[in-house]
Amino acid sequence: MQVIVPHANTDLDALGAAVGAQVLYPQASIIFPGLLLPGAAEFYTLHRHHVRTHSAREVDLHRIAHLIAVDAADPERLGPLAGILHRPGVVVHVYDHHPSEPGDLDGTLQVRAEVGACSTLLAELAAEAGARLTPFQATALLLGIYADTGSLMLPSTTARDVHAAGWLLENGGNLRLVGQFVRTDLNSAQQELLAQLVGTTRIHPVRGVRIRIAGGSTAGYVGGLAHVVHKLTELQPAPATFVAVRMGDRVHLVGRSDVPWVDAGQVLRVFGGGGHAQAGSATVKNLSLDAVLTHLQTRLEAAVGQPPTVRDLMKSPVRAVPPQLILDEAEKIMVRYGHSGLVVVDQEQVVGVVSRRDCEKARRHGLAHAPVKGAMVRPVVVSPDMPLDEVQGLLMHAGAERLPVSEHGRLVGIVTRSDLLGQLYGATMPHWHQTLYRGGVQPDAATAQAELVYRAAALPARAAEVLRAAGQVARETAVPAYAVGGFIRDLLLAQGNLDLDLVVEGDGPAFAARLAPRLGARLEQVPRFRAAHLFLPGGMRLDITSARREFYEYAAALPLVEQGNLRDDLYRRDFSINAMAVRLTPAGLGDLIDFFGGHADLKAGLIRVLHSLSFVEDPTRILRAVRFSARYGFRLEPETERLALAAVAGGFIERVSAERLRNELLLILREVAVPSCLEALDRLGALPRLLPEVQWRPEVAQRVHEVKCFLAGQTPAGGLLPPVIQSLRSQVDPPLLYTAVIGAAAEIPDVGAYVHRLRLGRRTTATLQQILLHWRQVATDLTRPGLRPSEVVALLDGWVPAGLALLWLLGGQARVGARVRAYWSQYRKVRPAIAGKDLQEAGIPPGPAFGRALLAVKQAKLDGRVRGREQELALALAVAGESPPRTGASETCKHRPHP
């Protein structure tokens, strides 16, 4: 026999879960082990003919072979059914949404999750099984969800509850009926009890948390105490509420908590009850109401955790200004550092707060040169130990945007409305060093790789030597030093990178001067940026900078810098994966420091900016985001992609100098995954702004893909390039080849504008322009039948390898490819056996005749018309005496480029 058993004192969620379980176990009967609470009893009475139920007295308990417990994992809540749990052969399945506790049922099947209602779990399983629900079943489950989640408004509500409710509505759930049984009004007995609780309410502070405790007493049983408590919390909000009501010979307790540091279920477990963090209940016999309230108060002292305080949330240090500072200067400071307000301090005392809005208003009225004290407002000053729920009240009722924090009369921090909202909506608390790796602890393989910084086997010997030497200087000088940036990123990715950058929280140039002789390095100071370069033997370079912060005076400007700490220095970087550091200082040696989630983004394969104005401040980061995503096979994090799209649409790329854009574009064109980069730039709308002459059509994309294959030594079909072309490939400059092929494939009408926009340098620009202007004519000439080797040379001499590669890729005919191959492997290497001195010894004076004669000999030798030194000299002497020369070679390409 199969039976479904909800807990004693069955409520609407337990009843709904039992009905849902009967969908999954259609042969099972529901047994109520005790009373049904009023709302559940009324709903059951109305629908009793739609559900198969029995009382415990009507069932032979010895016949039960399979028990399904719903909304009850505690065996004590199963009443008389608990006695069969340990009988041999009884199979137990458990469905519950309460946290696991010692002594819970040990079922052969357990479906448990901390969702708002047990009915959610049964609805999810019914949906997964493709069950067809009757309107009654869907409504019973929906009623259970709405009842236990406060109509989806209690803090315990999860997204799973909402999704399950939506599915039940789609499958016949009736919200009108739900509204009838999940009452929002109170009956007369409940109203009298609520009035009693309001009258006895007192606030009991525990570790700064304001906890409401209320007690009451009724002659008989009053159902719906949880509903009464819910009304009480609506009338008198508090972080947590606990109510004890004596009804007859028992005291009923209900707890509600809106804060994670008060676990209502845990508090009431000592009374034999339970629940979850947001809600709990218990029933106590043989104790007076006063005894229960006293015990409850004692229990709260032990069970309530330490709530976050202002000290946990505040930002420090605080940028403050004196009251005599003029408003115009105060506004410039706010713009420079991205602040919306400043604290005003006079002789270390907080005297006011001035906002950017105040400064703007003063400027409009012609008062920009008035002192700050004329526009500041008197602030509400808080202590660092104030609980955050009190801070929330101050920000709501005082209307303040920011609260200065003072300790012992001194400004120590500030809390803003944005800080508090971030905490309320789940943002992580501010922290200084989030250590992901510490010696001896290896959370996972990726973080453990940070230790490889100090293992010679994992790094080239030179890099390990540099890091050890830097650590020694850090120890001797007591200056915190860190390896930072791309080196750490690639170390965690197990990729080689010897581009070492060090940051010191102190004087970077002085640190470099002390380190240089130990490494035998040449020192180059850069005082403007508080930096130094060390050039090591063998070509390795080490950059050392003082930790600094950056600010941008306007969008797309070059940054201005000032001294800061490690966090400031990492925060100025482009992406989270490039904003990690490894400590070189002996204290904490090898710690991986990650303020901004770079390690998690590496694992997830995400490119994420550090703040919302990142692309506005430096639009070249859009190109770097694309470059890194293509290099590592990562993707742009959704918010980062949105910010990139907005920055491109806002025209910020156009504000960057052409030189900076050129440098970033060249870096992209040296990547392996150039096609992916250009496709991403086009998708973001950046490519038309970088190269407006280029339309990213499928045929252009195909040609770029062919270049990628060529540079990898392969044909587009995946085969290997011929050995001769492999030799040509090794001499090709990738950016020049890409820009040439893009220009040729896009059929750009204004070659000059395209080439000028790229700003590749005078010589390279001239080369690219000549290639784009003449490649098609040269390719056509190369297809002529019967072309002699000397004519091929006349066409191709002077072409750089990138130009020859373009002809190979875009020539369009096998004949073109064959002649490029012949030129590269043979023709270009042909030289006459004679030289000018041979002609001079034969009596020909130096002059233009020398050049004509030697050219004629080379062409004849290419075509096989002369063999040996004697024939070459005879031809040269004959040509030198002619004017104009007649060598027999065709003047094939009158516009041949000489890039």
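Whatever comes next refers back to the structure up there.
Please read all numbers here as calculations on a predicted model, not as lab measurements. Here the residue numbering is sequential within each chain, running from 1 through the sequence in written order. For a predicted model such as this one, the threshold for reporting local features is a pLDDT of at least 70, and the threshold for listing and counting side-chain atom pairs is 80 or more; totals across whole chains, interfaces and linings nevertheless cover every residue. Excluded from the side-chain calculations are hydrogens and water; all other atoms, namely the structure's heavy atoms, are used.

1. What about the overall build of the chain?
Of regular secondary structure, the chain possesses 38 helices and 28 strands. A compact globule built from 899 residues should have a C-alpha radius of gyration of about 29 Å, whereas the chain, at 40 Å, is more than 25% larger. Principal-axis analysis of the C-alpha atoms gives the chain an extent of 140 × 75 × 60 Å. Within the chain, buried positions represent 51% of all 899 residues. The long-range fraction of contacts in the chain, counting pairs at least 24 apart against all pairs at least 6 apart in sequence, stands at 65%. Neither His nor the chain termini are counted; the positive set is Lys and Arg, and the negative set is Asp and Glu. To locate a charge, take atom NZ for lysine, CZ for arginine, CG for aspartate or CD for glutamate. Of the side-chain charges in the chain, 96 are positive and 87 negative, and the distance between the mean point of each set is 7 Å. Numbered from the N terminus, helices here are DSSP runs of H or I no shorter than four residues, and strands are runs of E no shorter than two. Our radius of gyration looks at C-alpha atoms and nothing else; its globule reference is 2.2 Å times the residue count to the power 0.38. Only protein chains enter the accessibility calculation, which uses a 1.4 Å probe. A residue is then buried if its area is under 20% of the maximum for its type, exposed if over 50%, and partly exposed in between. Whether two residues touch is decided by their heavy atoms; if any such pair falls within 4.5 Å, the residues are in contact.

2. Some words on the environment of Ala 600
Residue placement: Ala 600 occurs in helix 21 (residues 598–604). Overall, the relative accessible area of 45% leaves Ala 600 in the partly exposed class. Considered as a pair, Ala 600 and His 47 are 553 residues apart in the sequence and their alpha carbons are 52 Å apart.

3. Concerning the side chain of Ser 29
Position of Ser 29 among the secondary structure elements: in strand 2 (residues 29–32). Two N or O atoms count as a polar contact when they lie within 3.5 Å, although within protein this holds only if one can serve as hydrogen donor and the other as acceptor, and sequence-adjacent residues are included solely when both atoms are side-chain atoms. There is a polar contact of 3.4 Å between the side chain of Ser 29 and the side chain of Arg 52. If we ignore the near neighbours within four places in the chain, the residues touching Ser 29 are Gln 2, Val 3, Ile 4, Gln 22, Arg 52 and His 54.

4. What about the sheet that holds strand 15 (residues 349–355)?
Note: two strands are recorded as paired if DSSP finds a minimum of 2 bridges between them. Ordered in space as 13-14-15, the three strands form an open sheet in which the pairing is mixed. Sheet topology places strand 13 (320–321) and strand 15 at the edges, where each strand pairs with a single neighbour. Pairing of strand 14 (residues 341–346) with strand 15, which is carried by six bridges, proceeds in the antiparallel orientation. Across the sheet, residue Asp 346 finds its bridge partner in strand 15, namely Gln 349. Along the sheet face, helix 13 (residues 356–364) touches strand 14 and strand 15 and points at about 65° away from the line of strand 15. All axes here are fitted lines through C-alpha atoms, helices being fitted over the stretch that makes contact, and every angle between N-to-C directions spans 0 to 180 degrees.

5. What about the pairing of strand 8 (residues 209–218)?
Judged by how many residues are buried, strand 8 sits mostly within the fold: eight of ten residues are covered. As paired strands, strand 7 (residues 202–206) and strand 8 are joined by five bridges and run antiparallel to one another. From the neighbouring strand, Ile 203 faces strand 8, where its bridge partner is Arg 212. Where strand 8 meets strand 9 (residues 240–247), eight bridges bridge the pair, whose relative direction is parallel. Within strand 9, the position partnered with Ser 217 by the bridge is Arg 246. Looking down the strands as they point away from you, a crossover is right-handed if its path from the first strand over the helix to the second goes clockwise. With helix 8 (residues 225–235) bridging strand 8 and its parallel neighbour strand 9, the resulting β-α-β unit is right-handed.

Keep in mind these numbers describe shape, not what the thing actually does.
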